[in-house]
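In case you want the letters, here they are:
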Amino acid sequence: MPSDTLAQHAAVPETPDKADTPRIVPQRRFGQWTAAAVVLVLLALAVNSVLRNDAFQWDVVADYFTTTAVLRGLWLTLWLTAVVMVLGFALGTLLAAFRLSANPVLRAVSWGYVWLFRSIPILVQLLLWFNIGALYPRILGVKTVDLLGPVTVAVIGLTLHEAAYAAEVVRGGILSVDRGQIEAAQALGLSRWRRWRRIVLPQAMRSIVPPAGNMLIGTLKGTSIVSVIAVQDLLYSVQLVYHRTYQVIPLLMVATVWYTVVTSLLGVGQYYVEKHYARGTERTR
C-alpha cells in the first residue's frame, strides 16, 4: 500500500463502539426533591390556616383597607419615607465626601457623626428630639418648647439616623471603583466633574443601589416607630381605629398588607434600577 494511503488511514480517527461508550445518567437528587415537597406542604398548610382562620376577620380587613383614615396614614408614611431618604442620602453623601477627604478634621467629624448616630437607638433619638425643650429651653433666644411638631421631629430624627448609614453606603460604593480608571481619566485630561459623572458615579452606583434599596424598604417599615410620638402614619392610624372598635387583629392585618404591597413594589423598582446600572457586566444576566 502506498505511503500516502497509509497516512490517510492513520489520520482518520477510529469511531468508538457504541457498546463501549459509557451511558450518562443524570444525578438523582432525592434529598432536594423531598425537602422541596416538605416545604411546599408546610407552606400550603400555613397559607390555609391564615385564610381559613376566622380570628383574622378578613371581611373587616376588606372594610377598613381603603378607608380615609388608613389611606391618609399611608400617604404620610410614603411622604415621610421619601423625604427622609432624600435628605438622608444628601447628608450622607456629604459625610462620605468628608470621610474620603484629605483633611483630617473633616475625616474625624464624619467618623464621629457616623459612630454617634449608629450607636444611639432610633427610638431614643426621636424621644430626645421630641423633648428638646427640656434639654434646651432656649436656642438663640427662641423658646424651644412646642417649637417642633411631631412630624418635624420625625423628619429630623429619621434623617439624622439615616444619614449615618447612607454615608457608609456611599463611601463603600466610591471605594469599589478601581483607582486605575480614575488615574486613566486624569491622564486623558478629564475634569473632576466629568470624572465623577462619567466614570466614578456609574460604577459606584452598582454597589450603592442594592444596599440603598434595602435602606429604602427598611425606612418605610421603620417609620412605624414614629407612632410613639403621635405621628399619624399608617400604624398610628389603624391603632386609633382599633382603640375605638377593639378589632385589633384585623386592623393590624390592614397595616401588614399595605406594608407588604408597598415593599413589594419598591423591590420591583429596585430590581430594574440595579439592572440599569449593571449594563455591560455579567450581573445583567
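Computed from a predicted model, the values in this text were never measured in an experiment.

## Let's talk about the packing of helix H4 (residues 68–99) against helix H12 (residues 248–277)
For any two helices packed against each other, the geometry comes down to the angle between their axes and how far apart the axes lie.
Thought 1: Contact geometry of H4 with H12 gives a least axis separation of 12 Å together with a crossing angle of 40°. Taken as axis vectors, H4 and H12 run oblique relative to one another. Pair H4 / H12 crosses with right-handed handedness. Listed contacts from H12 to Val70, Leu71, Leu74, Thr77 and Leu78 of H4 are Val254, Trp258, Tyr259 and Val262.
Thought 2: Among the residues forming the contact of H4 with H12, the class breakdown is 8 nonpolar, 1 polar and no charged.

## Details of the side chain of Ser237
Thought 1: Along the chain, Ser237 turns up in helix H11 (residues 234–245).
Thought 2: Of the residues examined, Ser237 reaches a relative accessible area of 5% and is grouped as buried.

## Focus on the side chain of Thr77
Thought 1: Along the chain, the position of Thr77 falls in helix H4.
Thought 2: A residue is classified by how much of its surface remains accessible, and Thr77, at 1% relative accessible area, is buried.
Thought 3: Those residues within four positions of Thr77 in sequence are excluded, and the remaining contacts are Leu220, Thr223, Asp233, Leu234 and Tyr259.

## Here's the deal with unusual backbone geometry
Thought 1: Phi is positive for Gln57, close to 50°, though the residue is something other than glycine.
Thought 2: Note on placement: Gln57 falls in the loop between helix H2 (30–52) and helix H3 (58–64).
Thought 3: In this structure, Ala230 takes a positive phi of about 65° despite not being glycine.
Thought 4: The class of Ala230 is partly exposed, set by a relative accessible area of 41%.

## Considering the packing of H4 against H11
Thought 1: The N-to-C vectors of H4 and H11 enclose an angle of 160°; their axes lie 7 Å apart at closest approach. Between H4 and H11, the crossing angle belongs to the class labelled roughly antiparallel. Here H4 and H11 pass one another in a crossing that is right-handed. Contact residues: Ala69, Val70, Gly73, Leu74 and Thr77 in H4; Leu234, Ser237 and Val238 in H11.

## Here's the deal with the packing of aromatic side chains
Thought 1: Per the stated rule, a full pass over the model turns up 5 aromatic pairs.
Thought 2: Where Tyr271 meets Tyr272, the ring centres are 5.1 Å apart and the plane angle is 75°; that geometry is what we call edge-to-face.
Thought 3: Given the relative accessible area of 53%, Tyr272 is considered exposed.

## Things to note about the UniProt feature "transmembrane region" (unreviewed entry) in the protein
Thought 1: Under the present numbering, the feature "transmembrane region" (unreviewed entry) in UniProt falls on residues 33–51, 74–98, 110–130, 215–236 and 248–273.
Thought 2: Taken end to end, residues 74–98 has its terminal C-alpha atoms 36 Å apart, with 100% of it in helix and 0% in strand.
Thought 3: Structurally, residues 215–236 comprises 50% helix and 0% strand, and the distance from its first C-alpha atom to its last is 22 Å.

The rules behind these values
Residues numbered from 1 in each chain as written. Predicted model: local features only at pLDDT ≥ 70, side-chain atom pairs only at ≥ 80, totals over all residues. Heavy atoms only, no water. Axes fitted to C-alpha atoms, helices over the stretch in contact; angles between N-to-C directions. Helix = DSSP H or I, 4+ residues; strand = E, 2+ residues; numbered from the N terminus. Parallel < 35°, antiparallel > 145°, perpendicular 65-115°, else oblique. Left-handed = near helix turned anticlockwise from the far one by under 90°. Contact = heavy atoms within 4.5 Å. Nonpolar A, V, L, I, M, F, W, Y, C, P; charged D, E, K, R; others polar. Buried < 20%, exposed > 50% of the residue type's maximum accessible area, 1.4 Å probe, protein only. Phe/Tyr/Trp six-rings, centres within 6.5 Å; stacked < 30°, edge-to-face > 60°. UniProt positions renumbered as here; feature names shortened; annotations may be inferred.

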